[in-house]
Amino acid sequence: MDSIKEAEKKLAGRKAPEFLKNGMVVGLGSGSTVPYAIERIAELVSQGLQITMVSTSNKTSALAKKCKLEISGIDSIDRIDVTIDGADEVDPNMRGIKGGKGALLFEKIVASISDKNIWIVDSSKLVEKLGKFPLSVEVVPFGLKTVLAEFQRRGFKSEIRVREGEKYLTDSGNYIVDLHLGSIENPEELDVELNMIPGVVENGLFVGYADMVIVGRGKETEITSR
Ligand code: 5RP
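Bear in mind that the values here come from a model prediction, so they are computed numbers and not experimental data.

## Digging into the overall build of the protein
A tally of helices and strands in the protein yields 6 helices and 15 strands. Taken over C-alpha atoms, the radius of gyration comes to 17 Å for the protein, in line with the 17 Å a tight globule of 226 residues would show. Summarising its shape, the C-alpha atoms of the protein cover approximately 55 × 35 × 35 Å along the three principal directions. Taking all 226 residues of the protein together, the buried fraction comes to 48%. For the protein, the share of sequence-separated contacts (at least 6 apart) that also reach a separation of at least 24 residues comes to 76%.

## Details of the layout of surface pockets
Approximately 410 Å³ is the volume attributed to the largest pocket. In terms of lining residues, the largest pocket is bounded by 24 residues, among which Ser-30, Ser-57, Lys-59, Lys-101 and Tyr-168 are the most central. Mapped by element, the contributors of at least two residues to the lining of the largest pocket are α3 (58–66) and α4 (104–112). Top contributing element to the lining of the largest pocket by residue count: α3, with 4 residues. Mapping the lining of the largest pocket onto the domain boundaries places at least three of its residues in each of domain 1 (2–127 + 207–225) and domain 2 (135–203). Approximately 300 Å³ is the volume found for the second largest pocket.

## Remarks on the packing of helix α1 (residues 2–15) against helix α2 (residues 34–46)
Orientation of α1 relative to α2, taken along the N-to-C sense of each, is 40°, at an axis distance of 7 Å. As the angle between them shows, α1 and α2 are arranged oblique. Where α1 crosses over α2, the two elements pack in a sense that is right-handed. Side by side, α1 and α2 meet where Glu-6, Lys-9, Lys-10, Gly-13 and Arg-14 of the first sit next to Tyr-36, Ala-37, Glu-39, Arg-40 and Glu-43 of the second. Residue composition of the contact of α1 with α2, grouped by class: 2 nonpolar, 1 polar and 7 charged.

## Quick look at the environment of Asn-22
Position of Asn-22 relative to the elements: it lies in the loop between α1 and β1 (25–28). Taking the relative accessible area as the measure of exposure, Asn-22 reaches 54% and is therefore exposed. Taking the C-alpha atoms as reference points, Asn-22 and Lys-68, 46 residues apart in sequence, are found 18 Å from one another. Among residues more than four places away in sequence, those in contact with Asn-22 are Gly-48, Leu-49 and Gln-50. A distance of 2.8 Å separates the side chain of Asn-22 from the backbone nitrogen of Gln-50, its partner in a polar contact.

## Regarding the site of the ligand
Taken together, the neighbourhood of the ligand is formed by 17 residues, with Ser-32, Thr-33, Asp-88, Gly-99 and Lys-125 sitting nearest. Contact distances for the ligand include 2.6 Å between an oxygen atom and a side-chain N or O atom of Asp-88. In the environment of the ligand, an oxygen atom lies 3.3 Å from a nitrogen or oxygen atom belonging to the backbone of Gly-102. Notes on the ligand: free accessible area 380 Å², of which the protein chains cover 99%. Judged by its atoms lying within 2 Å of the grid points, the ligand is housed in the second largest pocket. A per-class count over the shell around the ligand returns 3 nonpolar, 8 polar and 6 charged.

## Here's the deal with the packing of aromatic side chains
The description of two aromatic rings rests on the distance between their centres and on the angle between their planes. Inspection of every chain in the model, using the stated rule, returns 3 aromatic pairs. On the basis of an interplanar angle of 65° and a centroid distance of 6.4 Å, the ring pair of Trp-119 and Phe-206 is categorised as edge-to-face. Placement of the pair is Trp-119 in strand β6 (residues 114–122) and Phe-206 in strand β13 (residues 205–206), with a sequence separation of 87 residues. The pair formed by Trp-119 and Phe-206 is uniform in burial state, with each residue classed as buried. Look at Phe-151 and Phe-156: their rings are 6.3 Å apart centre to centre, the planes differ by 50°, and that puts the pair in the tilted class.

Calculation rules
Residues numbered from 1 in each chain as written. Predicted model: local features only at pLDDT ≥ 70, side-chain atom pairs only at ≥ 80, totals over all residues. Heavy atoms only, no water. Helix = DSSP H or I, 4+ residues; strand = E, 2+ residues; numbered from the N terminus. Rg over C-alpha atoms; globule rule 2.2 N^0.38 Å. Buried < 20%, exposed > 50% of the residue type's maximum accessible area, 1.4 Å probe, protein only. Contact = heavy atoms within 4.5 Å. 1 Å grid on protein atoms, 1.4 Å probe; cavity = no way out; pocket = protein on both sides within 12 Å on 5 of 7 lines; lining within 4 Å. Points joined across faces, edges and corners; volume = space filled by probe spheres on them. Domains from an automatic or database assignment. Axes fitted to C-alpha atoms, helices over the stretch in contact; angles between N-to-C directions. Parallel < 35°, antiparallel > 145°, perpendicular 65-115°, else oblique. Left-handed = near helix turned anticlockwise from the far one by under 90°. Nonpolar A, V, L, I, M, F, W, Y, C, P; charged D, E, K, R; others polar. Polar contact = N/O pair within 3.5 Å; in protein donor to acceptor, adjacent residues only side chain to side chain. Near = heavy atom within 4 Å. Areas by Shrake-Rupley, 256 points an atom, 1.4 Å probe, with all protein chains shown as cover. Sits in = over half its atoms within 2 Å of the grid points. Phe/Tyr/Trp six-rings, centres within 6.5 Å; stacked < 30°, edge-to-face > 60°.

Remember that the coordinates give geometry; whether it matters functionally is a separate question.
Put into structure tokens, the structure is as follows:
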């Protein structure tokens, strides 16, 4: 099963760079599907494609560097033409949950200034309703207890993300709290509700961002566009 998933990620990841053109500013997402796109971009760049790239995580920047791709600072650009990113869940309205790998804040900033957001996913990511995948919420360390209490008051089952025995730290030095919601009735409302809580920096609901979803399914790719 896992090798099928991996093959589907690879198919979707290698398809997305077909939409890049000379002169574009390109956003590179994070996660385990994006590296397939980065690999393909590196091939295209070595064949003459000229693009400017910005990254959404230290991990992505490191991989790009390894592939001999130059990453520009986010403040050196005004807009992004195309961003290629993964997703944890995508519903039929192209709304998604992201942040499973902890990069949701930079990913949302980059998505918000991108003219076109392309998501690359294996077929297991398509869901009827969002919420089975835990919803990542990035929270500042100061006053974490008050945020957790607020989640509890609202009936959200929460869990601080831990890696190797320590609280997971994002590239911005914040914590991630995963909300186990089961299903999300109104993603638009929840997105606003979460971001209103003092201490919450951003949440992993991406509503109204994706313009195209490339799904790897079996040996094919399926493309849905807005
Ligand atoms: C990282 C993300 C990723 O895009 C998301 O978790 C999908 O990752 P993968 O491609 O490994 O399934 O949001 O914060």
